[in-house]
Amino acid sequence: MGVTRRGASVRTPRSTPRPAPSFRVLTGDCVAEMAKLPAASVDLVFADPPYNLQLQGDLKRPDDSRVDAVDDAWDKFESFSAYDDFTRAWLLAARRVMKPSATLWVIGSYHNIFRVGTILQDLGFWILNDVIWRKSNPMPNFRGRRFTNAHETMIWAAREPNAKNYTFNYEALKAGNEDVQVRSDWTLALCTGEERLKDGNGKKLHPTQKPEALLARVILSSSRPDDLVLDPFCGTGTTGAVAKKLGRRFVGVERDSVYATAARDRIDSVLPLPAASVAPFQTAREAPRVPFAALIERGMVSPGTTLTDAKRRVTALVRADGAVSLGDTVGSIHRIGALAQGLDACNGWTFWHVETATGLAPIDTLRAAFRAEQMQAAE
């Protein structure tokens, strides 16, 4: 039996679906609202769920004044079991909308983060790091019966145990940290001053507003421009404001209409940074391979040219076939560089230098120029 495939009748009204806005704050329950989002559509999730602080009565200072602590209804659960059910539900909803390459950050305190971590693993997430946010200005322990709680913990997890293509901007983070790997303990101040949103009475609008510096590091480390960032517990919109500033798209969910309105107003007022200031740069791992012989073929290095180290202590001769020679030994720029130093290995691109019109320069600068020409030609 044949199958006939027909298009819509010419009389059928045609409509073009409107693309979703780049920055949205949805008001409602996070599980229900995430169920409305397309599956596998989100690149990064940052979640700041209720901590279930279990406060018993008022928290007071030594002078008997009351501390404005987190005692809101949204942070209260009838039992640990109820909190676990809530955690499992929102994590499953978040996992559905995550792309296979997406990652998730969740922040918490000792009250909840260990329970969240267990459920993450039970649901099939793969923990990549736990990151300690060390507060440079923590609230003191007023009763003097415990250590000052001066940190919170963030768990960074991949959607799948064997995820390999998740985003981690290692080279950019390292470059911004004076070429030192960024550690998993971050010292940042609490949200204070003008950054803290206030209500009509001048009091803080949200009790647990996170600092923008914290979200900037999260977003810069694990997403790229134009990625879609999701925050299921949007609050007053810190994640959305930072995402917009850094050239990412954003969708947030907040069940409190007052917070949701404040978040929308805040995000609307943000101006994105210039695209050039947030554009990803090509890392050494991502750059196309360039053999040394290609520079010779291009005429950027001539056979017979003398290569030397930065201090002009040793020299090698460039051959027409792309190898270099040191005395009677012939090999690659890497092998001969290692031999010259008595080492097992060497990066010949940075060890060997060549004379240029402006002085001695590593041959890596010639490789960079070659790559730039190739990219320009491809455009």
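Residues numbered from 1 in each chain as written. Predicted model: local features only at pLDDT ≥ 70, side-chain atom pairs only at ≥ 80, totals over all residues. Heavy atoms only, no water.

Going by an unreviewed UniProt entry, the chain carries the name Methyltransferase and comes from Rhodoplanes azumiensis. In UniProt, the chain has this text filed under Catalytic activity (unreviewed entry): "a 2'-deoxyadenosine in DNA + S-adenosyl-L-methionine = an N(6)-methyl-2'-deoxyadenosine in DNA + S-adenosyl-L-homocysteine + H(+)". (UniProt positions renumbered as here; feature names shortened; annotations may be inferred.)

A. Spatial organisation of the confidence of the model for the chain. Summarising the model, the chain shows a mean pLDDT of 88, and 88% of its residues fall at 70 or more. Counted against residues more than four places away or in other chains, residues 66-70, with its pLDDT under 50, gives 18 contacts. (pLDDT = per-residue confidence, 0-100. Contact = heavy atoms within 4.5 Å.)

B. Up close: the nonpolar core. Of all hydrophobic cores here, the largest spans 30 residues; its most connected members are Trp90 and Leu104. Elements with a minimum of two residues in this core: α1 (30-34), β2 (42-47), α2 (80-97), β3 (98-108), α3 (113-122), β5 (151-158), β7 (228-231) and β8 (249-254). With residues up to four places along the chain from it excluded, the contact list for leucine 104 reads Val45, Trp90, Leu91, Ala94, Met98, Leu120, Phe125, Ile155, Trp156 and Ala157. (Core = buried A, V, L, I, M, F, W, Y, C linked by side-chain atoms within 4.5 Å. Buried < 20%, exposed > 50% of the residue type's maximum accessible area, 1.4 Å probe, protein only. Helix = DSSP H or I, 4+ residues; strand = E, 2+ residues; numbered from the N terminus.)

C. Helix α6 (residues 238-245), seen in detail. Counting buried positions along α6 yields seven of eight residues, so the element is predominantly enclosed. Those residues of α6 that sit buried are Thr238, Thr239, Gly240, Ala241, Val242, Ala243 and Lys244. Tucked into the core, α6 has its buried residues touching β1 (23-27), β2, α5 (212-222), β7, β8 and α7 (257-268). One or two residues past the end of α6 sits glycine 247, with phi positive at roughly 80 degrees.

D. Summary view of the environment of arginine 115. Here arginine 115 is to be found in helix α3. Leaving out residues up to four positions away in the same chain, arginine 115 has contacts with Phe80 and Asp84.

E. Broad picture of the environment of asparagine 141. Counting through the fold element by element, asparagine 141 comes out in the loop between β4 (126-135) and β5. Since its relative accessible area comes to 27%, asparagine 141 is described here as partly exposed. Aside from chain neighbours lying at most four places away, what touches asparagine 141 is Arg146, Phe147 and Thr148.

F. Here's a closer look at the packing of α6 against α7. It is at 9 Å that the axes of α6 and α7 come closest, and there the two elements cross at 15 degrees. Between α6 and α7, the angle falls in the class roughly parallel. Considering only the axes of α6 and α7, their crossing is right-handed. Residues Thr238, Gly240, Ala241 and Lys244 of α6 form the contact with α7, whose own contacting residues are Arg266, Ile267 and Asp268. Here the residues of the contact of α6 with α7 sort into two nonpolar, two polar and three charged. (Axes fitted to C-alpha atoms, helices over the stretch in contact; angles between N-to-C directions. Parallel < 35°, antiparallel > 145°, perpendicular 65-115°, else oblique. Left-handed = near helix turned anticlockwise from the far one by under 90°. Nonpolar A, V, L, I, M, F, W, Y, C, P; charged D, E, K, R; others polar.)

G. Summary view of the sheet that holds β4. The eight strands lie next to each other as β1-β8-β7-β2-β3-β5-β4-β6, forming an open sheet whose pairing is mixed. One side of each edge strand has no neighbouring strand; the edge strands of this open sheet are β1 and β6 (185-188). For this sheet, the mean inter-axis angle between neighbouring strands, taken without regard to orientation, is 20 degrees. Here β3 pairs with β5 via six bridges, running antiparallel. Looking at the pairing, glycine 108 lines up with threonine 153 of β5. Contacting β3, β4 and β5, α3 runs over the sheet at an angle of about 160 degrees to β3. Those strands touched by α7 are β1 and β8, and its axis lies near 170 degrees from that of β1. (Pairing = 2+ DSSP bridges.)

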